[in-house]
Amino acid sequence: MSRFSVRIYSLLGAASIAASLFLAACEKKAPPNAMAMMMMMAVPVRAVAATQTDVPLDVSAVGNVEAISMVDIKSLIAGQVLRVDFQEGQNVTKGQLLFEIDPEPLNRQIAQTQADLAKDDALEQQARANVAKDEAQIKQTQAAADRGTALAKEGIFSKEQTEQVVATNDAAVASLAADKAAVESAVASRKSDAARLAQTELQLSYTRISAPITGRAGAISVKAGNLVKENDVAMVTLLEMSPIYVSFGLPEQLLPEVRKYNAQRPLMVQANAQGENAETGTLRFIDNSVDNTTGTIKLKAEFANAKSALWPGEFVNVQARLILEHDRILIPSRTIQTGPQGKYVWVMNPADSTVAMRPVDVLRTYKPPQSPEQSVIGGGIKAGEMVISEGQMRLMPGAKVHLLDAAGQVGKSKAPASGQSQEGS
């Protein structure tokens, strides 16, 4: 190889080394990696401000509507139904006539018993007259017997004469006893007939069957002309509709809190039937034992039910308000994320539009009327802080964000006024 060729190879080697050094220098000034580029890019998100407000502490359950009073109407006498004075499904008031049983057989019994009473009165008067007669006669026979006994001692009356006047007096005494017994028999007979008359008159009152309560009538099992037996099947059932009970069960773990707050004041209970507005009532009953099979305690709440919104036998959603907690922090439940260390949220710093992970203590959930479910926060968030509600999957600590407006466009990255949201409607 010539000296010229060696020089060329030396120059090429030097050029190669210089190129390598240049590339190395360029690599040190190369753009950052993908993660850093993602951190530099603003992530579109939606956020909502944490609010501070009063939150009711409610417990929910499924309840069953029960009538406070239910009465099966039965006939207390046997007879023929003369007429029915109401309609099936009708609301009836206490004392309203429902059925009438034919009273004619009882009217005849009353007339017969009244005649027997008149006869008893006559027999009693006759027996008392005989008693008076016997008492007057005894005075005479007693005097004759006394005189005969005295004369017999003087030897004027014979033994036979004396025994005769004494026997006459004894007969008068026996007759008086018999007439007094006749008086007692007549009095007893009169009492018996008077009791029988009272019983018949009581049965006569049973021929008119009135409503013992105010309520709603069910199906009628007998019609006019039917024969009914004494204390047989129910002719109709009445249910008291107002007020009305709703019974429900709560886990036994809640019993101490229920008793605690109910002791302070009667707990307010809301019952919501399908398609109806919620009715508000008051807790009236806590059972005296826990059901071992279900681990629940039975409670009953009373509702005015003036509009008959609650119907006996139906199932309703029940909410019992234990207490109203003041100044609780609320954020939408969908903002809560779950990680290895527990629950957390993404919080935006309005100063530089960056986000950070913030662990939170979720006490419970709360569902306001006609609003999304909220989480009650015990710690980790303050009122007014902006919590990311959409777009969390693309976030990492320190990432920049842009808030989306209602139309989904990128808006200015500043926090809205307290209590306002940057979410879409």
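Residues numbered from 1 in each chain as written. Predicted model: local features only at pLDDT ≥ 70, side-chain atom pairs only at ≥ 80, totals over all residues. Heavy atoms only, no water.

## Looking at the sheet that holds strand 5 (residues 91-92)
- Read from one edge to the other, the open sheet built from 4 strands follows the order 3-10-8-5, with strand pairing classed as antiparallel. Strands at the two margins of the open sheet, each flanked by one partner only, are strand 3 (70-73) and strand 5.
- Summarising the sheet, strand 3 and strand 10 (residues 236-239) pair through 4 bridges and their orientation is antiparallel. Across the sheet, residue Met 70 finds its bridge partner in strand 10, namely Leu 239. (Pairing = 2+ DSSP bridges. Helix = DSSP H or I, 4+ residues; strand = E, 2+ residues; numbered from the N terminus.)

## As for the environment of Val 43
- Secondary-structure assignment places Val 43 in strand 1 (residues 43-49).
- Residue Val 43 is classed as buried on the basis of its relative accessible area, which comes to 5%.
- With 348 residues separating them along the chain, Val 43 and Gly 391 place their C-alpha atoms 7.8 Å apart.
- If we ignore the near neighbours within four places in the chain, the residues touching Val 43 are Gly 391, Arg 394, Leu 395, Lys 400, Val 401 and His 402. (Buried < 20%, exposed > 50% of the residue type's maximum accessible area, 1.4 Å probe, protein only. Contact = heavy atoms within 4.5 Å.)

## Some details on the pairing of strand 4 (residues 79-84)
- As paired strands, strand 4 and strand 9 (residues 227-228) are joined by 2 bridges and run antiparallel to one another. Directly across from Gln 80, in strand 9, lies its bridge partner Leu 227.
- Where strand 4 and strand 6 (residues 97-101) come together, 3 bridges link them in antiparallel fashion. Bridge assignment links Val 81 to a residue of strand 6, and that residue is Ile 101.

## A short note on the packing of aromatic side chains
- By the definition in use, this model includes 2 aromatic pairs.
- Centre to centre, the rings of Phe 86 and Phe 99 are 5.3 Å apart; their planes meet at 90 degrees, and the pair counts as edge-to-face. Within this pair, whereas Phe 86 is found in the loop between strand 4 and strand 5, its partner Phe 99 is found in strand 6, the two being separated by 13 residues in sequence.
- Geometrically, the ring pair formed by Tyr 344 and Trp 346 is edge-to-face, given 6.2 Å between the ring centres and 80 degrees between the ring planes. (Phe/Tyr/Trp six-rings, centres within 6.5 Å; stacked < 30°, edge-to-face > 60°.)

## As for the sheet that holds strand 6
- In space, the 4 strands of this open sheet follow the order 7-6-4-9, with antiparallel pairing throughout. Every interior strand has two partners, whereas the edge strands, strand 7 (208-210) and strand 9, have only one.

## Re the pairing of strand 10
- With burial as the criterion, only one face of strand 10 is covered, namely that bearing Val 236 and Leu 238; the residues Thr 237 and Leu 239 on the opposite face remain uncovered.
- Bridge count between strand 8 (residues 215-217) and strand 10: 2 bridges; the pairing is antiparallel. Among the inter-strand pairings, Ala 217 is bridged to a residue of strand 10, identified as Leu 238.

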